[in-house]
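Notes for the structure review
What follows is each chain in one-letter form.
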Amino acid sequence: MLPSLSLLRWFYFVSLGALGAVIPFLGARLEAAGLSGHQIGGLMAMLPLGRLVSAPLWGWLADRFAMAGLLLRIGCALAVLGELLLLFQADPVYAAVGLFLFSAGRAPLGPLVDSVTLQALSQPGHDPREYGRVRLWGSIGFLGFAIVCGRLSDGGFDPLVLGAGLVLATAALAFRFPVRGAGGPAPVLPALRALLQQPFLVPLLGMACLQAMTLSVYDTFFSAHVRALGLPSMVTAAAVAVGVTCEVAVMRFGRPLLARLGAPRALLLAAVSAVPRWALIAWVTDPVALVAVQVLHGVAFGLFWIAGVQLMATRAPAQVSASAQSLFSAASYGVGALAGALLAGEVRAAWGTAAIFQGLTLLSCGASAFAAWLVWRERPERPERSERSARGEGTRAA
């Protein structure tokens, strides 16, 4: 039995709300604890590292043993433990362990719930392209709790306290999911090998890696760029509010957008839209212009995410739906975010924050090239692709 769409909306809201209460304020909290810039950079790298190491394993276990609900509960327990280590320990070693456990525990929350959501939307009366209308509640939660914690932290409140409460609430919601799905252990490896041989996979994962690298660097270093320009922190808050509001709007209308564009072209539009965004951030110094540029975040992230999840869902064999979403997550906010965390700090130290966004402009050109390759590989008029699709549908039906 699949969870209701109402439960899924609440889960996204609370789960991503926990990130909004923690991530935007984590660097400042670590800095206030007396850690150096290199220590903070190394600690922040624990977040993508935890996702990269654990996401494929979570996905394989979910597909192999049909126990997504149980894995969500275990993941939430690890995230709670990691959050408590962060909250009560200032030692860098404990902080590193806490961040790794927090990230590794949260790794199954996105891909597994994405997979379950797409299964729920595949039932009669729904459309999988409505995924964005469910996922947008996560963006609303992220923005809402980020604003709340920003106001509370100005008064001396530790945002990690609210973050810990939201992680506990996420764990409580995880117990509303069925422990196991229907059926016994499934033969995952043959289907996974079939997925890895699909021609769409390399350009999709290449584009996802570069796109997420730019987005994760923006999340981490935009506030530092605002400070370097001598602008008030309210510019960062306004930029985040504008960006996430546009992201919610894009997800709200994701179904007609995907129906009109198709997932490959939507990914190309997302990659191309990021090029002027990073170039303008590197160049302009006016605070109003910096905030206005963030309207592109709705396409650069919102359209990228719903199109990538949709493409994985429609192209991957049904037996490895969770593994496919975990692979997309590991490539984007695992490999991409980890590389961004390691490289951006060095660029900042050598050339300043503007150079970071100049580099992101080049990376988005690379993401656009991968997306253009994906569009070319997915051309419906290519007869060899039609034959492969027919064989894939036959395999699923069998």
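Values in this document were obtained by computation on a predicted structure and should not be read as measured data. (Residues numbered from 1 in each chain as written. Predicted model: local features only at pLDDT ≥ 70, side-chain atom pairs only at ≥ 80, totals over all residues. Heavy atoms only, no water.)

**Things to note about the environment of Val-250**
Its location among the elements puts Val-250 in helix H11 (residues 233-252). Sequence separation of Val-250 and Leu-136 is 114 residues, and the distance between their C-alpha atoms is 8.7 Å. Beyond its immediate sequence surroundings of up to four residues, Val-250 is in contact with Leu-257, Gly-298, Val-299, Gly-302, Leu-303 and Ile-306. (Helix = DSSP H or I, 4+ residues; strand = E, 2+ residues; numbered from the N terminus. Contact = heavy atoms within 4.5 Å.)

**Brief notes about the packing of helix H10 (residues 201-228) against helix H16 (residues 321-351)**
Put simply, H10 and H16 touch, their axes get as near as 7 Å, and they point 45° apart. The pairing of H10 with H16 is recorded here as oblique in orientation. The interaxial crossing formed by H10 with H16 has right-handed handedness. Of the residues contributing to the contact of H10 with H16, the split by class is 19 nonpolar, 5 polar and 1 charged. (Axes fitted to C-alpha atoms, helices over the stretch in contact; angles between N-to-C directions. Parallel < 35°, antiparallel > 145°, perpendicular 65-115°, else oblique. Left-handed = near helix turned anticlockwise from the far one by under 90°. Nonpolar A, V, L, I, M, F, W, Y, C, P; charged D, E, K, R; others polar.)

**Things to note about the nonpolar core**
Core analysis: the biggest nonpolar cluster contains 123 residues, and Phe-304 and Phe-357 have the highest contact counts within it. The residues touching Phe-357, leaving out its near neighbours within four places in the chain, are Tyr-218, Phe-221, Phe-222, His-225, Trp-278, Ile-281 and Ala-282. (Core = buried A, V, L, I, M, F, W, Y, C linked by side-chain atoms within 4.5 Å. Buried < 20%, exposed > 50% of the residue type's maximum accessible area, 1.4 Å probe, protein only.)

**A few points about the environment of Leu-173**
With respect to the helices and strands, Leu-173 occurs in helix H8 (residues 159-174). Judged by its relative accessible area of 16%, Leu-173 is buried. Note: C-alpha distance between Leu-173 and Arg-73 (100 residues apart in sequence) is 8.9 Å. Apart from the residues within four sequence positions on either side, Leu-173 is in contact with Leu-7, Trp-10, Phe-11 and Val-14.

**Some remarks on the pattern of salt bridges**
Using the criterion set out here, one finds 4 salt bridges in the structure. Residue Arg-315 pairs with Glu-378 through a salt bridge whose shortest N-O separation is 2.4 Å. Here Glu-378 lies in the loop between helix H17 (353-377) and helix H18 (383-397) and Arg-315 lies in helix H15 (residues 297-315), a separation of 63 residues in the sequence. Three or more residues are tied together by salt bridges with common partners; here these are Asp-127, Arg-129, Glu-130 and Arg-255. (Salt bridge = Lys/Arg side-chain N within 4 Å of Asp/Glu carboxyl O.)

**Section: helix H6 (residues 109-121)**
Helix length check: H6, at 13 residues, gives a terminal C-alpha distance of 18 Å against a target of 18 Å (1.5 Å per residue), a fit within 8%. Within H6, 11 of the 13 residues are buried, leaving the element largely enclosed by the surrounding structure. Within the sequence span of H6, burial applies to Leu-109, Pro-111, Leu-112, Val-113, Asp-114, Ser-115, Val-116, Thr-117, Leu-118, Ala-120 and Leu-121. (Expected span 1.5 Å × (residues − 1).)

**Overview of a nonpolar patch on the surface**
On the surface, Val-148, Leu-152, Phe-157 and Val-161 cluster together to form a nonpolar patch covering roughly 290 Å² of accessible area. Residue classification places Val-161 among the partly exposed residues on the basis of a relative accessible area of 41%. (Patch = residues over 30% accessible without salt bridge, like charges linked within 9 Å, V, L, I, M, F, W, Y side chains within 5 Å. Areas by Shrake-Rupley, 256 points an atom, 1.4 Å probe, with all protein chains shown as cover.)

**Describing the packing of H10 against H11**
Remark: H10 packs on H11, axes separated minimally by 8 Å, with the N-to-C direction vectors making an angle of 145°. Along this stretch, H10 crosses H11, giving a crossing that reads as right-handed. Taking contact as the criterion, the partners of Tyr-218, Phe-222, Ser-223 and Val-226 in H10 are, on H11, Val-235, Thr-236 and Ala-239. Looking at the contact of H10 with H11, its residues break down into 5 nonpolar, 2 polar and no charged.

None of the figures reported here should be taken as evidence of function without further support.
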